[in-house]
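Working through the structure, step by step
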Amino acid sequence: MNRVLSSVRRWLGPLTLITLAVVLAIIFGERRERAKLASPTFQSPLPSLSPTIKSPLPTMPPVQTRPYSTPTPLPNQGVWVGPVSEVTLTGGDITIEALSSLDLDGDMLVSRASVRGGGVSVVAVDLRTGQVQRLSPVAERSIEGPRISGQYVAWSEYPLQMDNVGELHVFDLTRTREFTVGQGLFHWPDLNDGLLVWQEGRGGGIGIYGYDLATNRTLTIAQGPFLHSFPRVCSRQWVIYLKQGLPEHWPSIVDLYAYNLLTGEDILIGQVLLPRNASAGQQHACDGRRIAWLGVRETDATLTFEQHLYDLATRTDRILDLPNPGAAHHVLIEDDLLISMVGYDLQRDVPFNVLWGLPLDQITGGQLALSNNRLAWTTQPYGGSQHLYTAFIIRQP
């Protein structure tokens, strides 16, 4: 294992001092200034310090990967991505320059929107019509999320210059009203089936906490002198998250845990890749009893990325037989569909191409959104305008 960790660290590059300062600032609650996002396609894995801080160490560029394709097209085995449609944004009271941090539930897409003239806002887009609904005021601030599930949309936000205090917001699409869950060191919220979870700095550590929108009950999922991060709600029974000690370096691999909200059981599922770039924390996902994550194995000094699938009902782990072009930027799972290095139909047990032939370096942040067999993504050619697309995954009867 030590040899694997060493190899992965060499692959990811050395940790800069600014990254270590970020971790310490979060743990001990030191004052910081939140830097404005230089690009709407980038999200730092942890809140950033002032951009005036210089690192004396060289910074390795992030590894360039092509997460949603293979070197050669996969044969058609009865599952494919159907015709692609461009969504034209209409309505709303703002002019959107770019969408980022996409999440999808059915036909409703939510996103952080960069607005012409300055500022950002949270918006909802009906993919059937392109109709835009602004969910938050336009302001110069940092927004993490948003996430959507049913009638609720949740996100955390921070003014660009202030202490380590932010707000966790929820918008009720049915009642057309917004409310605040609380103020604190909230980061990376996730929302599913009426359960809202997030990571938060408390008492010298970063823990995982939650709020049940159905019962107005607060939840404590993980806490203590560790870094607990990037939670995901699998169901009203299970939440997964990453756990690590306070490192002297940016870890290459961290532990993945599953917490049972009904019994309090905490299970070590495996070890997941944690890249030192904007995709950190996006290599694990869950839905119901299934957990999908990206691991890594070393063979003859060669790193092989492995797509794991864990079943909480049977407590078994499976490595899917997938082509291996490189590490996936994002892992998604819903029902019987898995999107990672390629697509995978868990019902038929076959891989399939996802957006084969598209210039994938143009996909904003390398990110896809998945819900009800529908994919959504944005592209932005260098120097060009952003476009929003959607397509359905089709299964042959």
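Attention in this report is confined to the structure presented alongside it. Each residue is numbered by its place in its chain's sequence as written, counting from 1. At least 70 in pLDDT is required for a residue's local features to be given in this predicted model, at least 80 for side-chain atom pairs to be given and counted, and no such filter applies to totals for whole chains, interfaces and linings, which use all residues. Side-chain figures throughout are based on the complete set of non-hydrogen atoms in the structure, without hydrogens or water.

Thoughts on the pairing of strand S11 (residues 186-192)
- The element S11 is largely enclosed, with a buried count of 6 among its 7 residues.
- Where S11 meets strand S12 (residues 195-202), 5 bridges bridge the pair, whose relative direction is antiparallel. Opposite Asn192, over in S12, you have Leu195 as the bridge partner.
- Hairpin remark: S11 followed by S12, antiparallel, with 2 residues in the connecting loop; positive phi at Asp193, about 55°. Exposure categories follow from relative accessible area, calculated using a 1.4 Å probe and restricted to protein chains: below 20% of the type maximum is buried, above 50% is exposed, and the middle band is partly exposed. Runs of H or I in DSSP of at least four residues are treated as helices and runs of E of at least two as strands, each being numbered from the N terminus. For two strands to be treated as a pair, DSSP must find at least two bridges joining them.

Quick word on unusual backbone geometry
- Omega for the peptide link from Gly145 to Pro146 comes to -5°, which places this bond in the cis form.
- As for its placement among the helices and strands, Pro146 is situated in strand S7 (residues 141-149).
- We note that Ser101 has phi near 55°; this positive angle belongs to a residue other than glycine.
- In this fold, Ser101 is placed in strand S3 (residues 96-105).
- Look at Ser101 and you get buried, because its relative accessible area is 13%.

Points about the packing of aromatic side chains
- Think of it this way: a Phe, Tyr or Trp ring, Trp meaning its six-membered ring, pairs with another when their centres are within 6.5 Å, and the plane angle makes it stacked under 30 degrees, edge-to-face over 60, tilted otherwise. Applying the stated criterion across every chain yields a total of 4 aromatic pairs.
- Taken together, a centroid distance of 5.8 Å and an interplanar angle of 15° make the contact between Tyr241 and Tyr257 stacked. Here Tyr241, found in strand S16 (residues 238-244), pairs with Tyr257, found in strand S17 (residues 253-260); they are 16 residues apart in sequence, far enough to count as distant.
- When its relative accessible area of 1% is taken as the criterion, Tyr241 is described as buried.
- Given the relative accessible area of 15%, Tyr257 is considered buried.
- When the centroid spacing of 6.0 Å and the interplanar angle of 25° are considered together, the rings of Trp377 and Tyr389 count as stacked. In this pair, Trp377 is assigned in strand S28 (residues 374-379) and Tyr389 in strand S29 (residues 387-395), connecting sequence segments 12 residues apart.
- One Lys or Arg, Lys243, reaches over the ring of Tyr257 and ends 5.2 Å from the middle of that ring. Note on geometry: a ring has a charge over it if NZ (lysine) or CZ (arginine) is within 6 Å of the ring centre and within 35 degrees of the ring normal.

What to know about the side chain of Arg141
- Within the secondary structure, Arg141 is located in strand S7.
- Judged by its relative accessible area of 13%, Arg141 falls in the buried class.
- In this structure the side chain of Arg141 is engaged in a polar contact, spanning 2.6 Å, whose partner is the side chain of Glu157.
- Those residues in contact with Arg141, other than ones at most four positions away along the chain, are Val120, Ser121, Ser136, Glu157, Tyr158, Pro159 and Leu160. Two N or O atoms form a polar contact when they lie within 3.5 Å of each other; inside protein one atom must be a possible hydrogen donor and the other a possible acceptor, and for residues adjacent in sequence the pair counts only when both atoms belong to side chains. Two residues qualify as a contact provided that any one of their heavy atoms is within 4.5 Å of a heavy atom in the partner residue.

As for the pattern of salt bridges
- By definition, a salt bridge exists where a carboxyl oxygen of Asp or Glu is found within 4 Å of a side-chain nitrogen of Lys or Arg. This structure, assessed with the given rule, holds 18 salt bridges.
- Across the salt bridge formed by Arg175 and Asp172, the nearest N and O atoms sit 3.9 Å from each other.
- Arg175 sits in the exposed class, given a relative accessible area of 57%.
- Asp172 sits in the buried class, given a relative accessible area of 1%.
- We note a salt bridge from Asp336 to Arg290, for which the minimum N-O separation is 2.8 Å. Of the two residues, Asp336 is situated in the loop between strand S23 (332-334) and strand S24 (337-339) and Arg290 in strand S20 (residues 290-299); the sequence distance between them amounts to 46 residues.
- You can call Asp336 partly exposed: its relative accessible area is 24%.
- In the salt-bridge network here, residues are joined through shared partners; they are Asp107, Asp126, Arg128 and Arg374.

Quick word on the nonpolar core
- Working definition of a nonpolar core: buried Ala, Val, Leu, Ile, Met, Phe, Trp, Tyr and Cys residues. They are joined through side-chain atoms within 4.5 Å. Ranked by size, the top nonpolar core spans 19 residues in total, and within it Leu256, Ile269 and Ile291 carry the most contacts.
- Mapped by element, the contributors of at least two residues to this core are S16, S17, strand S18 (266-273) and S20.
- If we ignore the near neighbours within four places in the chain, the residues touching Ile291 are Ile240, Leu256, Ala258, Ile269, Ala285, Cys286, His308, Leu309, Tyr310 and Leu312.
- Counting residues in hydrophobic clusters, the runner-up holds 18 residues, among them Ile253, Phe305, Val331 and Tyr344.

Here's the deal with the sheet that holds S3
- The strand order across the open sheet formed by 4 strands is S3-S4-S5-S6, and the pairing between neighbours is antiparallel. Whereas interior strands pair on both sides, the edge strands pair on one side only; in this sheet they are S3 and strand S6 (132-134). Adjacent strand axes in the sheet meet at a mean angle of 30° when their direction is disregarded.
- As judged from the 3 bridges shared by strand S5 (residues 120-126) and S6, these two strands associate in the antiparallel manner. Bridged to Val125 within S6 is Val132. An axis is simply a line fitted to the C-alpha atoms; with a helix, the fit covers only the stretch in contact. Between two such axes, the angle follows the N-to-C directions and lies from 0 to 180 degrees.

By themselves, these observations are geometric and do not establish any function.
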